[in-house]
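# Descriptive structure summary
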Amino acid sequence: MKRIVLGDNAAVLPTLPRRFARLVYVDPPFNTGKVQARKRIRVQATAGQGTRGGFAGRRYEVEKVASSTYADDFDDYVGFLLPRIEAALRCMTKDASLFVHLDYREVHYVKVALDRLLGRDKFVNEIVWAYDYGGRPKKRWPAKHDTLLWYALDPENYVFDFAAIDRIPYMAPTLVGAEKAARGKTPTDVWWHTIVPTNGHERTGYPTQKPLGVLERLIKVHSARAAPCSTSSPAAAPRARPPRATAAASCSSTTTPTR
Ligand SMILES: C[S@@+](CC[C@H](N)C(=O)[O-])C[C@H]1O[C@@H](n2cnc3c(N)ncnc32)[C@H](O)[C@@H]1O
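Everything numeric in this text was worked out from a predicted model, so none of it was measured. (Residues numbered from 1 in each chain as written. Predicted model: local features only at pLDDT ≥ 70, side-chain atom pairs only at ≥ 80, totals over all residues. Heavy atoms only, no water.)

A word on the overall build of the protein. The helix and strand tally for the protein stands at five helices and eleven strands. Contacts in the protein between residues at least 24 apart in sequence constitute 71% of all its contacts with a sequence separation of at least 6. For the protein, the accessible area works out to roughly 15,400 Å², and carbon and sulfur atoms hold 56% of it. (Helix = DSSP H or I, 4+ residues; strand = E, 2+ residues; numbered from the N terminus. Contact = heavy atoms within 4.5 Å. Areas by Shrake-Rupley, 256 points an atom, 1.4 Å probe, with all protein chains shown as cover.)

Put into structure tokens, the structure is as follows:
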């Protein structure tokens with residue numbers, strides 16, 4: 001069952017069932033200090049004068065479509081986010097994982113706050129999503145990565161389905177032999193992935209939309225229990241592949257029901 005609930009998650013989370021979600025992905029505003037908006041237009045070919053010229057003298061009507069916006073300016077960011085994450089804990093199964101998606105602005109403050117809330121021993125990975133798109137400032141290194149903080153509620157019992165990890169090509173395939181090169185390798189904690197292409201089919205027109213590729217990897221590897229997973233060695237897990245989860249994107253906090 002998939003449900004998208006539109007509302008302030010501080011009000012919604014307490015109404016959700018207990019212990020139903022094995023994966024909680026939180027993608028809050030990043031505190032950019034701006035109103036996040038994505039201007040959208042609809043372009044229609046027209047036999048008339050139209051407002052815009054195109055290839056081979058064609059004319060087009062350009063219509064502004066209502067754009068979605070949200071405020072992204074918090075005096076006390078940790079005070080905004082942590083109570084909401086705390087409210088999500090009751091919805092999580094004992095073997096659940098929490099992913100909090102942030103950028104350089106607040107990730108370090110939130111990490112310290114989450115260590116306090118959950119315990120530092122619950123922290124598993126800092127995943128860097130690296131993308132190389134957009135402008136390049138001349139006075140500092142271009143900020144082209146986000147960070148996902150991964151916490152496991154029980155560091156002895158969480159889902160990491162190694163067999164479900166999508167593989168990436170070797171940088172120097174000729175050095176690893178044909179079989180390995182053909183199979184590819186599993187990613188590290190640095191995920192190179194483009195942002196959502198401007199005219200991509202998955203584009204929803206939502207400001208700061210995250211690419212499905214990043215979300216699907218989380219869902220495939222962390223939401224469905226293939227076999228009891230211990231911290232000893234993922235390779236020990238039998239290679240049975242669980243049914244694949246379908247991504248549920250574009251809601252600020254995504255919960256995937258247990259199966
Ligand atoms: C970074 S965007 C999420 C983008 C989305 N994950 C995607 O990939 O398209 C952050 C979202 O958090 C929402 N938001 C801000 N405060 C919220 C709150 N208190 N409860 C629920 N959503 C909230 C904003 O409206 C915005 O949609």
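Turning our eyes to something else, we now look at the nonpolar core. In terms of nonpolar packing, the biggest core is built from 28 residues, with Y77, L81, L98, V100, L102, V110 and L114 touching the most fellow members. Contacts of L98, omitting those with residues within four sequence positions, involve V24, V26, I85, M92, L114, L118, L149, W150 and Y151. (Core = buried A, V, L, I, M, F, W, Y, C linked by side-chain atoms within 4.5 Å. Buried < 20%, exposed > 50% of the residue type's maximum accessible area, 1.4 Å probe, protein only.)

Once that is clear, we can look at the packing of aromatic side chains. Applying the stated criterion across every chain yields a total of eight aromatic pairs. In this arrangement the basic side chain of K111 is found over the ring face of F123, its NZ or CZ atom lying 4.2 Å from the centre. (Phe/Tyr/Trp six-rings, centres within 6.5 Å; stacked < 30°, edge-to-face > 60°. Lys NZ or Arg CZ within 6 Å of the ring centre and 35° of its normal.)

Look at helix α2 (residues 77-89) against helix α3 (residues 107-118): their axes get within 11 Å of each other, and the N-to-C directions meet at 40°. The crossing of α2 and α3 is right-handed. Each of Y77, V78, L81, L82, I85, E86 and L89 in α2 lies in contact with α3, whose residues at this interface are Y109, V110, A113, L114, L117 and L118. A class-by-class count of the residues in the contact of α2 with α3 yields twelve nonpolar, no polar and one charged. (Axes fitted to C-alpha atoms, helices over the stretch in contact; angles between N-to-C directions. Left-handed = near helix turned anticlockwise from the far one by under 90°. Nonpolar A, V, L, I, M, F, W, Y, C, P; charged D, E, K, R; others polar.)

Let us now look at helix α5 (residues 212-222). All of the buried residues in α5 are V214, L215, R217, L218, I219, V221 and H222. Residues of α5 that are buried in the fold lie against β1 (21-26), β7 (92-102), β8 (123-130), β9 (145-152) and β10 (190-192).

As defined by bridge partners, β8 adjoins β9 across seven bridges and the pair is classed as antiparallel. Its bridge partner lying in β9, V128 is registered against T147. Here β8 runs beside β10; their pairing, made up of three bridges, is parallel. Bridge pairing in β10 links V128 to V190. (Pairing = 2+ DSSP bridges.)

Right, let's get into α3. Taking 1.5 Å of rise per residue, twelve residues should cover 16 Å, and α3 covers 16 Å from first to last C-alpha, within 8% of that figure. What α3 keeps buried is the set V107, V110, K111, A113, L114, D115 and L118. Taken together, the buried residues of α3 touch α2, β7, β8 and β9. (Expected span 1.5 Å × (residues − 1).)

Attention shifts here to the pairing of strand β6 (residues 69-72). The alternating pattern of β6 places Y70 and D72 on a buried face, while none of T69 and A71, on the opposite face, is buried. Here strand β2 (residues 34-37) runs beside β6; their pairing, made up of four bridges, is antiparallel. In the sheet register, K34 faces β6, and the bridge partner there is D72.

Our focus in this paragraph is the confidence of the model for the protein. Detailed conclusions should not be drawn from predicted coordinates in areas where pLDDT is low. Mean pLDDT over the protein: 85, with 84% of residues reaching 70 or higher. With pLDDT under 50 throughout, residues 229-259 is counted as low confidence; its partners more than four residues away or in other chains account for 64 contacts. (pLDDT = per-residue confidence, 0-100.)

Residue position: D103 is located in the loop between β7 and α3. Sequence-distant contacts of D103, that is, excluding residues within four places in its chain, are made with F30, H145 and D146.

Once that is clear, we can look at the environment of D161. With respect to the element layout, D161 can be found in the loop between β9 and α4 (178-183). Residue classification places D161 among the buried positions, given a relative accessible area of 6%. Sequence separation of D161 and K220 is 59 residues, and the distance between their C-alpha atoms is 7.5 Å.

Once that is clear, we can look at the pattern of salt bridges. For the structure shown, the criterion picks out ten salt bridges. A salt bridge links D166 to R217, with the shortest nitrogen-to-oxygen separation between them at 2.7 Å. With D166 in the loop between β9 and α4 and R217 in helix α5, this residue pair connects regions lying 51 residues apart in the sequence. A residue is classified by how much of its surface remains accessible, and D166, at 31% relative accessible area, is partly exposed. (Salt bridge = Lys/Arg side-chain N within 4 Å of Asp/Glu carboxyl O.)

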